[in-house]
Amino acid sequence: MVRYVAQRVGQSILAIFLTVSTVFVLVRLAPGDPAAAYASPLATTAELDRIRAQFGLDKPLIQQYGIFVQDLFHGNLGTSFSFQASALDVVLSRMPYTIMLAVSAILFAAVVAIPAGVWMARHADTARELGANVAMIAGQSMPEFWSGIMLLTVFAVLVPVLPASGFTSWAGLVLPTVTVGILQIALISRLVRREMGAGFAAPYLTIARSRGIPERGLTWRYAMGNSAVPVVTALGTRFAAMLNGVVVVEVVFAWPGVGSLVVRALETRDYPLIQATVLVTAVLTVLVQLLIDLTYPLLDPRVRLGKAVAS
Amino acid sequence: MTLSPLAACAGPGSAPGVGAGSGAAAGSGITLALNRSLVSLDNKLNQFDAAVTVQRGVRQALTFIDPKLTVQHVLAERFELTAPTEWTVKLRDGVRYSDGSPVTVEDVATALRMYQKVPGSFLAGLFPEWPTVTPVDAATFKLVTKHPVPTLDYLMANILITPAAANKPEELQGGVGSGPYVVTAANRGTGEYTLQVNDKYWGPAPAIKTVQVRFLPEEANRVVALRSGEVDVIDAISPDAISQLSGLGDVEVQQVPSTRITQLFYNFRKPAGHPLADPRVREALSYAINGPALIKDVFADSVSPARGVVADTLTGAVQTGEYVYDPQKAKQMLDAAGVKDLKIKIIWETGEFANDTSVMEAVVEMLKAVGVQAELQQFQPGGDISKWRQGRGGDWDVLGNGYPGPTGLALTPLQGMFAGTKEKEATRDTYQGYVFPKIAALLEKASQETDKAVRESVLATAQKEIWNTWPCMWAFVPKTVIARRKRVENVLLSPTNSYELASVRLNG
Amino acid sequence: MTATTVGPADGSGSRDTAASPGRPSAVTAKDLARSAAVRRRKSARLKIWVGSVGVALVVLPVALANLLPIPGPDEQSLSLRRLPPLTGGHLFGTDQLGRDLLSRVLHGGQVSLTVGVLAIIVSGVIGLIAGAAAGFFGGWVDTVVSRLLEAQLSLPLLLMLLLVVALFGPSIPVITFVIAFAQWPEVARLTRSLVLVEREKPYVAAARVLGLHRVTTLLRHVLPNVVKQASLVILLLLAQAVLLESALSYLGAGPQRPFATWGRIIADGQDYITTSWWLVTLPGLVIVLLVVGVNLLGDGLRDRARRRKGPQTEGKVSRA
């Protein structure tokens with residue numbers, strides 16, 4: 001177990017390092033000039049050169065990379081150009097909002113999707129299930145920015161009961177959560193329905209039923225127990241993906257998370273900030289994925305870590 | 001004033017005295033929503049319009065440009081030109097910072113030094129040269145320059161004064177100011193600030209006790225938030241937002257002509273034989289643009305047609321002519337100049353002015369009507385447009401661009417745009433290659449003329465000369481627009497898109 | 001076979017239960033009609049039908065946009081701005097420049113659909129080759145492909161896509177490539193698992209015994225057996241490609257103006273939500289109709305294929 005975790009962490013560190021390095025090169029290859037974004041539009045060429053020197057952007061790429069890696073090992077991700085503050089601090093000041101939205105959305109999705117999936121599995125192949133299925137497909141088919149704007153129009157403009165943007169009260173969490181949730185519910189409920197369907201069909205369930213165990217117990221204890229691993233995996237993966245930035249939803253609702261920060265960092269070509277965002281989100285994503293793996297033996301005693309991966 | 005992730009975690013209610021959401025309506029505070037993130041309350045680097053309002057709430061300068069674009073004294077009690085290259089300034093009695101310490105001459109001297117040292121500062125471009133401080137007594141000093149700077153009282157309105165010991169050659173993230181408010185909570189990452197009244201303020205106490213600043217980049221969010229009362233004042237709103245808000249009972253839209261000019265500026269780096277190097281062609285194309293329709297239909301009358309080469313609100317600006325829509329004349333002039341099948345490329349950056357894409361897409365159709373084929377190239381913010389503007393990215397013909405008038409003086413934008421010289425062009429530091437030595441000389445003369453009447457007549461001549469070179473296909477002066485809840489009163493909006501927080505009142 | 005209340009799902013137990021009519025049986029035609037298998041077949045057919053209709057409702061007008069009697073997408077008349085739907089001969093109304101919204105949506109659809117189709121072709125080909133190679137050859141090929149698939153999971157995908165679009169400029173080939181890059185893992189993962197199963201089958205061993213080259217075996221014998229399965233997922237990926245393209249152009253990374261794309265029409269219309277609902281609602285509904293159609297069609301086809309073949313590894317399509 002310890003060995004497995006160590007191996008996973010080692011692999012992850014390598015993956016993160018490669019990712020951040022790729023981003024390092026990509027942002028510098030992209031057109032656009034951080035100095036021009038930073039300085040006033042009236043700045044002269046000489047002045048822009050001075051700013052570039054100040055940011056260390058006048059050095060050759062390989063040397064910049066060397067400095068970057070060296071700083072990285074000292075836990076220093078550089079100073080954000082546009083915020084004039086530690087890039088890591090800026091990302092960390094925004095991260096709580098993204099985590100809050102991700103947690104709230106995944107909880108919302110799980111609370112709705114799991115019962116819905118079970119319900120669909122129990123009513124398999126009925127008109128009701130077909131209806132629910134089509135509704136889920138519809139949920140999966142809406143662009144998030146569109147459903148977000150629609151919700152905003154209805155609940156903040158036509159019937160102004162919920163705040164439209166940002167986070168100043170808990171009510172502000174509702175619309176973004178629902179917007180993110182719609183898609184997640186659609187995806188997760190259909191997965192639950194598939195897994196539970198397989199569970200209901202398994203011979204051990206027939207045996208359990210023949211022993212007179214009530215349907216409710218059958219559903220939750222036996223069928224669900226068997227579906228736990230794939231469902232938790234799905235929830236975890238979706239959650240990890242959200243940490244990478246629910247970019248579109250954050251933009252629609254002016255949510256002060258890392259997703260909208262990234263869009264802004266790209267617009268100002270704020271290299272350190274882009275790099276810091278990628279690093280922080282990648283680390284979180286990997287951590288969440290590791291945690292999911294570690295829960296497998298708890299959920300399903302047949303799983304032994306290190307062997308479970310081969311599916 | 002720290003950037004603490006914990007503060008962010010605290011979430012709602014962390015700002016004392018300010019209710020969230022619609023609750024704000026009942027409190028004694030107001031909430032402002034800005035379209036750009038306020039990353040500090042200093043202006044060494046971040047000089048964008050709306051930030052000025054908040055920055056001035058906390059830090060003050062010697063002078064202030066009022067809504068009529070005249071100079072008012074703030075920390076200075078006296079600010080006078082006592083010799084061609086010398087201004088005498090006396091600090092007001094009893095001016096002090098929020099920690100109780102007095103504002104000193106040394107603070108002014110240090111501030112000027114620090115502003116000079118910041119690379120890329122917006123302000124450096126405004127000062128023809130930096131003045132030096134020569135103390136006279138404890139409260140009086142002289143601002144000395146090598147050449148006459150007759151507009152120094154205007155320029156010094158941009159230099160915010162901070163205690164000398166705490167001032168640094170960078171954007172200050174904390175520290176005290178002499179303004180009517182102090183910062184009690186700040187999250188630079190999210191652009192949220194809470195200001196509370198400064199108990200030790202030297203002037204009359206402001207009516208509003210708490211000001212909450214939020215950052216809502218998308219206009220749709222600002223409009224909806226204002227409608228529902230989540231925020232009290234929004235700025236930088238587009239014509240569409242005006243039409244959406246103007247019918248509402250509890251919202252008031254306030255507009256004044258701004259000091260900005262937005263232009264479809266020609267590329268002056270074209271080789272001699274190119275059609276656009278010919279002023280007749282430049283003039284001809286201007287007749288193709290249906291300005292009145294754009295202003296009425298795309299801008300919903302939230303901009304006014306340009307009548308000169310800079311915004312006519314500015315001190316020293318004169319009217320030099322008007323853009324006329326006459327497609328027939330456009331075709332005739334193009335024929336007369338022997339131009340056939342002209343193809344032009346229009347470039348601009350997203351968000352450079354309100355409804356930018358609508359205007360550009362409309363302009364393409366208008367040019368098509370006179371037989372000119374226009375191609376659009378839109379740059380995303382942060383993209384390469386600065387390289388293109390310098391002529392280093394690719395060839396283009398017309399640039400959609402806005403030019404500010406931050407000092408309230410016509411001279412500043414005139415010099416910035418039209419005083420290009422061969423030397424500046426060598427480093428591509430002219431405005432789109434605009435080099436007319438005669439005009440540059442006139443502007444240089446005006447900038448050093450201490451006699452006001454002479455200065456203005458030289459400036460007027462220069463502006464007429466510029467107009468005759470047809471630098472723009474079309475231009476307009478946008479209005480500075482804010483929208484506010486009706487309970488917020490006495491917002492003295494200035495053409496420079498800022499207002500004094502201290503004079504704002506709440507009704508009920 | 002009786003119709004139980006809780007029927008075995010996913011066709012695992014029940015094959016087609018068409019009892020031959022000649023044989024005496026207690027199962028009546030009515031029972032048969034109520035059986036899970038029949039209902040499933042019906043629902044699959046229904047999905048395919050409804051899906052096809054939805055897709056056709058969007059794709060046909062988009063494909064024929066140039067022939068339809070509607071104004072051009074860029075023809076503006078500033079005096080007819082933001083007309084509500086069904087006024088002045090504008091079915092969808094007009095936009096902020098007085099352009100016919102229907103025409104914009106249809107012509108925008110040409111761009112969006114072209115990008116979507118091209119993207120799934122590219123991602124399909126790459127995913128098929130990489131997945132098949134990984135599954136068939138195993139060893140280091142598998143290791144490399146599997147690591148790449150894993151690595152992409154931890155990438156901030158949308159950020160990378162925005163970066164690449166900023167890097168190479170927002171042209172149709174770049175956006176196509178970027179979407180293909182986001183999607184190839186789905187195809188590769190599925191193909192790999194299908195090939196892993198296929199590899200163990202006797203015909204592969206036979207081919208080996210006959211002395212066929214391994215690459216030939218893969219291309220001539222294994223791939224044709226998995227392509228059909230994999231192609232069902234590709235249809236579902238089309239739905240995602242359309243969504244991803246619209247998200248990119250919503251965030252500003254769309255092809256140069258005045259090209260309309262669905263995401264951009266909505267982003268432009270967003271500023272008018274309190275006064276002109278149709279500018280956002282109608283283009284969005286068109287996207288939803290198309291994507292629901294494609295998803296239903298893909299789902300239905302998959303249900304049908306699964307019924308024929310019995311339970312198989314299914315393509316779990318997830319969205320980034």
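About the thresholds
Residues numbered from 1 in each chain as written. Chains lettered and ligands numbered in written order. Predicted model: local features only at pLDDT ≥ 70, side-chain atom pairs only at ≥ 80, totals over all residues. Helix = DSSP H or I, 4+ residues; strand = E, 2+ residues; numbered from the N terminus. Buried ≥ 20, exposed ≤ 12 C-beta atoms within 10 Å, placed from the backbone. Contact = placed C-beta atoms within 7 Å. Nonpolar A, V, L, I, M, F, W, Y, C, P; charged D, E, K, R; others polar. Axes fitted to C-alpha atoms, helices over the stretch in contact; angles between N-to-C directions. Parallel < 35°, antiparallel > 145°, perpendicular 65-115°, else oblique. Left-handed = near helix turned anticlockwise from the far one by under 90°. Core = buried A, V, L, I, M, F, W, Y, C linked by C-beta atoms within 7 Å. Pairing = 2+ DSSP bridges. Right-handed = clockwise from strand over helix to strand, strands pointing away. pLDDT = per-residue confidence, 0-100.

Whenever I open this one, the overall build of chain B confuses me. Can you help?
Scanning chain B from N- to C-terminus turns up 15 helices and 20 strands. Along the three orthogonal principal directions, the C-alpha set of chain B runs to about 70 × 55 × 35 Å. With 508 residues in all, chain B has 54% of them scored as buried. Pairs at least 24 apart in sequence give 69% of the contacts found in chain B among residues at least 6 apart.

Please clarify how the interface of chain A and chain B should be interpreted in this entry.
Interface extent is often summarised as the accessible area lost during association of the parts. Across the boundary between the two partners, chain A contributes 47 residues, which contact 42 residues of chain B. Those elements that provide at least two residues to the side of chain A that touches chain B are helix 2 (34-38), helix 3 (45-55), helix 5 (87-122), helix 7 (144-158) and helix 12 (258-267) of chain A. For the side of chain A that touches chain B, the class distribution of residues is 27 nonpolar, 13 polar and 7 charged.

When you look at the packing of helix 7 of chain A against helix 8 (residues 174-201) of chain A in this model, what are you seeing that I'm missing?
To describe two helices that pack against each other, one gives the angle between their axes and the distance between the axes. All names here are of chain A. As a packed pair, helix 7 and helix 8 sit with axes 9 Å apart at the nearest point and diverge in direction by 140°. With respect to helix 8, the element helix 7 is oriented oblique. Judged by the sense of rotation from one axis to the other, the crossing of helix 7 with helix 8 is right-handed. For the pair formed by helix 7 and helix 8, the contact residues are Glu 144, Ser 147, Gly 148, Leu 151, Leu 152 and Phe 155 on the first element and Leu 175, Val 178, Thr 179, Ile 182 and Leu 183 on the second. Its residues assigned to classes, the contact of helix 7 with helix 8 comprises 7 nonpolar, 3 polar and 1 charged.

For this particular structure, what's the right way to read the nonpolar core?
Nonpolar side chains in soluble globular proteins tend to be buried together. Ranked by internal contacts, the top residues of the largest apolar core, which has 213 residues, are Val248(A) and Leu162(C). Once residues lying within four places of it in the same chain are set aside, the contact partners of Val248(A) are Glu144(A), Phe145(A), Ala247(C), Tyr250(C) and Leu251(C). Listed in part, the 105 residues of the second largest apolar core include Val298(B), Ile439(B), Ala440(B) and Ala462(B).

What am I meant to see in the interface of chain C and chain A here?
Taken together, the 47 residues of chain C in the interface contact 45 residues of chain A. For the side of chain C that touches chain A, the secondary structure elements donating two or more residues are helix 2 (36-63), helix 5 (157-168), helix 8 (214-250) and helix 10 (278-309) of chain C. When residues of the side of chain C that touches chain A are assigned to their parent elements, the largest contribution, 10 residues, is made by helix 10 of chain C. Considering only residue class, the side of chain C that touches chain A consists of 29 nonpolar, 12 polar and 6 charged.

In this structure, what is going on with the pairing of strand 15 (residues 343-349) of chain B? I would like to understand it.
Residues and elements named next belong to chain B. Strand direction decides the pairing type here: strand 15 and strand 16 (residues 373-379), joined by 7 bridges, are parallel. Looking at strand 16, one finds that Lys 345 is bridged to Glu 375. Considered for its hand, the β-α-β crossover made up of strand 15, helix 10 (residues 356-369) and strand 16 is right-handed. Here strand 15 runs beside strand 17 (residues 398-403); their pairing, made up of 3 bridges, is parallel.

Help me understand the packing of helix 7 (residues 202-209) of chain C against helix 8 of chain C in this model?
Residues and elements named next belong to chain C. Between helix 7 and helix 8, the least distance of the axes is 11 Å, while the angle of their chain directions is 145°. You can see that helix 7 and helix 8 cross each other, and the crossing is right-handed. Counted together, Tyr 203, Val 204, Ala 207 and Arg 208 of helix 7 and Thr 217, His 221 and Val 222 of helix 8 form the full contact between these two elements. Taken together, the residues of the contact of helix 7 with helix 8 sort by class into 4 nonpolar, 2 polar and 1 charged.

Can you walk me through the sheet that holds strand 4 (residues 76-83) of chain B in this structure?
Backbone hydrogen bonds are what pair the strands of a sheet, in a parallel or an antiparallel way. Residues and elements named next belong to chain B. The sheet built from 4 strands is open, its strands ordered 4-5-7-6 with antiparallel pairing. With partners counted over all chains shown, the strands left at the sheet margins are strand 4 and strand 6 (132-135), one partner each. Mean inter-strand twist for the sheet, computed between neighbouring axes without regard to direction, equals 25°. Bridge count for strand 5 (residues 86-91) against strand 7 (residues 140-144) is 5 bridges, and the pairing is antiparallel.

Just to check I follow, could you spell out the environment of Ala419(B) for this structure?
Residues and elements named next belong to chain B. Considering the arrangement of structural elements, one finds Ala 419 in the loop between helix 12 (411-418) and helix 13 (422-426). C-beta crowding within 10 Å serves as the criterion here: with 24 such atoms nearby, Ala 419 is assigned to the buried category. Note: C-alpha distance between Ala 419 and Ile 439 (20 residues apart in sequence) is 6.6 Å. Not counting the four nearest positions on each side in its chain, Ala 419 is found in contact with Ala 440, Leu 443 and Glu 444.

Got a minute to help me understand the pairing of strand 4 of chain B in this structure?
The side chains of a regular strand alternate, first on one face of the sheet and then on the other. Relative to strand 5 of chain B, strand 4 of chain B runs antiparallel, the two being bridged by 6 bridges. The partner of Ala76(B) across the bridge, within strand 5 of chain B, is Leu91(B).

What's the story with the confidence of the model for chain C in this structure? I'm lost.
Do not read the predicted coordinates in detail wherever pLDDT is low. Residues and elements named next belong to chain C. Per-residue pLDDT for chain C averages 80, and the proportion of residues at 70 or more is 87%. Looking over chain C, one finds the lowest element-wise mean pLDDT in helix 1 (residues 29-34), namely 73, and the highest in helix 3 (residues 101-137), namely 91. Scored below 50 in pLDDT, residues 311-320 makes 25 contacts in the model with residues more than four places away or belonging to other chains. With a pTM of 0.82, the predicted complex shows an ipTM of 0.83.

Which parts of the structure should I look at to understand unusual backbone geometry?
A positive phi is found at Gln84(A), a non-glycine position, where the angle reads about 55°. Topologically, Gln84(A) is positioned in the loop between helix 4 (61-73) and helix 5. The backbone of Ala300(B) shows a phi angle near 50°, a positive value even though the residue is not glycine. With respect to the helices and strands, Ala300(B) occurs in the loop between helix 8 (291-298) and strand 14 (303-305).

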